Amino acid sequence: MKKKIVFLIRDLGYGGAQRQLVTLIKDFDKEKFDVTVLHFYSDSPLDKELKERNIPVISLEKQGRWDLIGFFWRLIRYLQQIKPDLLHTYMAGSNIVAILVRPFFPATRIIWGIRMSHKPADLTDWVVNMLGKLHNLLSHAADLIIVNSHAGKEDYVKSGFPVEKMVVVSNGIDTERFQPDREAGVKVRLEWGILENQILIGLVGRMYPQKDHPNFLKAAALLSQEYQDVYFVCVGTGPDQNYIQEIYQIAEELGISKRVIWPGVLGDMRAVQNALDIAVSASAFGEGFGNTIGEAMACGVLCVVTDVGDSAWIVGDTGVVVPPHNSEALAAGIKKLIELNYDEKTALQEKARRKIVECFSVDNLVATTISHCLQTLNN
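Conventions used here
- Residues numbered from 1 in each chain as written.
- Predicted model: local features only at pLDDT ≥ 70, side-chain atom pairs only at ≥ 80, totals over all residues.
- Heavy atoms only, no water.
- Helix = DSSP H or I, 4+ residues; strand = E, 2+ residues; numbered from the N terminus.
- Expected span 1.5 Å × (residues − 1).
- Buried < 20%, exposed > 50% of the residue type's maximum accessible area, 1.4 Å probe, protein only.
- Arc of directions from axis to C-beta.
- Contact = heavy atoms within 4.5 Å.
- Salt bridge = Lys/Arg side-chain N within 4 Å of Asp/Glu carboxyl O.
- Right-handed = clockwise from strand over helix to strand, strands pointing away.
- Phe/Tyr/Trp six-rings, centres within 6.5 Å; stacked < 30°, edge-to-face > 60°.
- Lys NZ or Arg CZ within 6 Å of the ring centre and 35° of its normal.
- Pairing = 2+ DSSP bridges.
- Axes fitted to C-alpha atoms, helices over the stretch in contact; angles between N-to-C directions.

A.B. asks: What am I meant to see in helix H9 (residues 241–253) here?
C.D. replies: Every α-helical turn comprises 3.6 residues, leaving residues that sit three or four positions apart pointing alike. Helix length check: H9, at 13 residues, gives a terminal C-alpha distance of 18 Å against a target of 18 Å (1.5 Å per residue), a fit within 8%. Looking at H9, one finds that the buried residues are Tyr-243, Ile-244, Ile-247 and Ala-251. One side of H9 carries all its buried residues, which in axial view fall inside an arc of 105°. In H9, those exposed residues whose orientation departs by more than 90 degrees from the buried face are Asn-242 and Glu-253.

A.B. asks: Mind showing me how you'd approach helix H1 (residues 16–26) here?
C.D. replies: Taking burial as the measure, the eleven residues of H1 include nine buried ones, the bulk of the element. Ala-17, Gln-18, Arg-19, Gln-20, Leu-21, Val-22, Thr-23, Leu-24 and Ile-25 are the residues of H1 that are buried. Elements that come into contact with the buried residues of H1 comprise strand E1 (3–9), strand E2 (33–39), helix H2 (47–51), helix H10 (269–275), helix H11 (291–298) and helix H15 (362–378).

A.B. asks: Before we go on, may I ask you to explain the pattern of salt bridges in this structure?
C.D. replies: Should the charged atoms of two oppositely charged side chains come close, the side chains can pair. Under the counting rule described, the total for this entry stands at 16 salt bridges. Put simply, Lys-26 and Glu-49 hold a salt bridge, and the shortest N to O gap is 3.0 Å. Of this pair, Lys-26 sits in helix H1 while Glu-49 sits in helix H2, and the two are 23 residues apart along the sequence. The exposure class assigned to Glu-49 is partly exposed, which follows from its relative accessible area of 26%. Salt bridges here are not isolated pairs; linked through shared partners, they connect Arg-182, Arg-189, Glu-196 and Asp-277.

A.B. asks: Whenever I open this one, the pairing of strand E11 (residues 278–281) confuses me. Can you help?
C.D. replies: Neither face of E11 is exposed, since Ile-278 and Val-280 on one face and Ala-279 and Ser-281 on the opposite face are all buried. Handedness of the E11-H11-strand E12 (residues 302–306) crossover: right-handed.

A.B. asks: Is there a simple way to explain the packing of aromatic side chains in this structure?
C.D. replies: To describe a pair of aromatic rings, one takes the distance between the centres and the angle between the planes. Under the defined criterion, the tally for this structure stands at eleven aromatic pairs. The residue whose ring lies beneath Arg-259 is Tyr-231, and the NZ or CZ to ring-centre distance is 5.9 Å.

A.B. asks: Where do I start with the sheet that holds strand E7 (residues 166–168) in this structure?
C.D. replies: To summarise the sheet geometry, strands pair through backbone hydrogen bonds and adopt either a parallel or an antiparallel arrangement. Taken in spatial order, the seven strands of this open sheet run E3-E2-E1-E4-E5-E6-E7, and their pairing is parallel. At either end of the open sheet lies a strand with only one pairing partner, and these are strand E3 (57–59) and E7. Strand-to-strand twist of the sheet, defined as the mean angle between neighbouring strand axes without regard to direction, takes the value 20°. Bridge analysis of strand E6 (residues 144–147) against E7 gives three bridges, and the strand direction is parallel. Bridging from a neighbouring strand, Ile-145 pairs with Met-166 of E7. Sheet strands touched by H1: E1 and E2. Its angle to E1, the strand with the most contacts, is close to 165°.

Structure, rendered in structure tokens:
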């Protein structure tokens, strides 16, 4: 008899956790599980991919942070209709909600999903900080906690999470979708006005302090002093328009605004990754498993990453790892890859893709997650 599993997440927008959830569910074992996805907010573009697979996707129509009573009533009503054997939540808000509604569903097992490592308290408001403390307190009530990074597990254990309930399941990269395709990349480069003989260095990620765009831009300024044929692209946007304007202003003040492309949010990330010569993760904190790093490597793109979260472990000896908050080191790491000869570059590109295929496949993500789900149901 098939088990009923509900996945609960804040939204299905173009975020790393959201993309991973969609990747997981699309290949979930339909013979063992009936899958339903509930999400808080209605603006969720990735739900199309699930609906195309005939996976039920339900919006709880939450109307902002303080829409609580109606939101909980709708959530409880849908769960009463579905009667899930297992509720698998993604990220802190969903994790907390699951424990709060548990008294209504005592027979339902709960698996939490943790997608980040440490996040400084001074970068969040009082509500988020309060929820973080509640998150720690309620963690003992979960039946299992799946963390997508070793760094995240270590940080949350230090915060008081029960280590005996925590397992690490690394993200899975769709290597059939993310693979070398220079033709697709050239098309994107032409749209951006980048010629074949020019070097394009990219940071893919939302515009938020965690991703440390200022660090990337300062490194870009240093490289621009040395190379005339190097250009930069920042793919993504963010919720805080004031912060975005500050980032634009930094590029202006550094004198590199004509060398930086700001295309916003793009849907075809395979083509974007293939447009890059070098991919950069300049993150200052909070990374768990960086999807964009794995996607770039799967496309045979060399990476320079800061040693935050599991980034250094993912890249290993296929790219360059530098300390966070250090634009000089970041620039030097990028320069190291620029200066590689053709044979050195090709060998590293092949090695990078091979590592993703062998170590971080979607098949492994799905099989390991299903195994943990079944074990939780049987305990």
